[in-house]
Amino acid sequence: MPDSSDDILGQARTLVAEQNKIGLPTANIYVDPQVQPISTDSNKGMMVLEKDQYCMNYLKGVRSGAIES
């Protein structure tokens, strides 16, 4: 599991780039928010929100489990 928002975003960018390379339309890509329990670290909730905001702003057309972009 990722340790930071940057880790999540790096994985998302890589996932989208690789899927696009093999011809998968961006609209068919869903990015898993990789939710971790807040009880393990109070920053985990913010990591998910930052990932969703990034996807909406920079990975146009990519869908997310929490927020549709």
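Preceding block: the structure.
No experiment lies behind these values; they were computed from the predicted model shown. (Residues numbered from 1 in each chain as written. Predicted model: local features only at pLDDT ≥ 70, side-chain atom pairs only at ≥ 80, totals over all residues. Heavy atoms only, no water.)

Undergrad: Can you tell me about the environment of Ala17, naming the residues and giving the values?
TA: Of note, Ala17 is situated in helix H1 (residues 5-21). Residue Ala17 is classed as partly exposed on the basis of its relative accessible area, which comes to 37%. Note: C-alpha distance between Ala17 and Leu59 (42 residues apart in sequence) is 9.9 Å. (Helix = DSSP H or I, 4+ residues; strand = E, 2+ residues; numbered from the N terminus. Buried < 20%, exposed > 50% of the residue type's maximum accessible area, 1.4 Å probe, protein only.)

Undergrad: Quick one: what's the story with helix H2 (residues 44-58), residue by residue and with numbers?
TA: Across its 15 residues, H2 extends 21 Å between first and last C-alpha, which sits within 8% of the 21 Å expected from 1.5 Å per residue. By the burial criterion, the buried members of H2 are Lys44, Met47, Val48, Lys51, Asp52, Tyr54 and Cys55. Each buried residue of H2 lies within a common arc of 160 degrees when the element is viewed along its axis, so the set occupies one face. (Expected span 1.5 Å × (residues − 1). Arc of directions from axis to C-beta.)

Undergrad: Can you tell me about the pattern of salt bridges, naming the residues and giving the values?
TA: Evaluation of the coordinates by the stated rule reveals 1 salt bridge. Between Glu18 and Lys21 there is a salt bridge; the shortest N-O distance is 3.2 Å. Of this pair, Glu18 and Lys21 are both found in helix H1, 3 residues apart, which corresponds to roughly one turn of the helix. Classification of Lys21 by relative accessible area gives exposed; the value is 64%. (Salt bridge = Lys/Arg side-chain N within 4 Å of Asp/Glu carboxyl O.)

Undergrad: So what's going on with the packing of H1 against H2? Which residues, and what values?
TA: Two quantities define a packed helix pair, namely the angle between the helix axes and the distance between the axes. Remark: H1 packs on H2, axes separated minimally by 9 Å, with the N-to-C direction vectors making an angle of 35 degrees. Crossing handedness for the pair H1 and H2: right-handed. Across the interface between the two elements, Ser5, Ile8, Leu9 and Arg13 of H1 pack against Met46, Met47, Glu50, Lys51 and Tyr54 of H2. Taken together, the residues of the contact of H1 with H2 break down into 5 nonpolar, 1 polar and 3 charged. (Axes fitted to C-alpha atoms, helices over the stretch in contact; angles between N-to-C directions. Left-handed = near helix turned anticlockwise from the far one by under 90°. Contact = heavy atoms within 4.5 Å. Nonpolar A, V, L, I, M, F, W, Y, C, P; charged D, E, K, R; others polar.)

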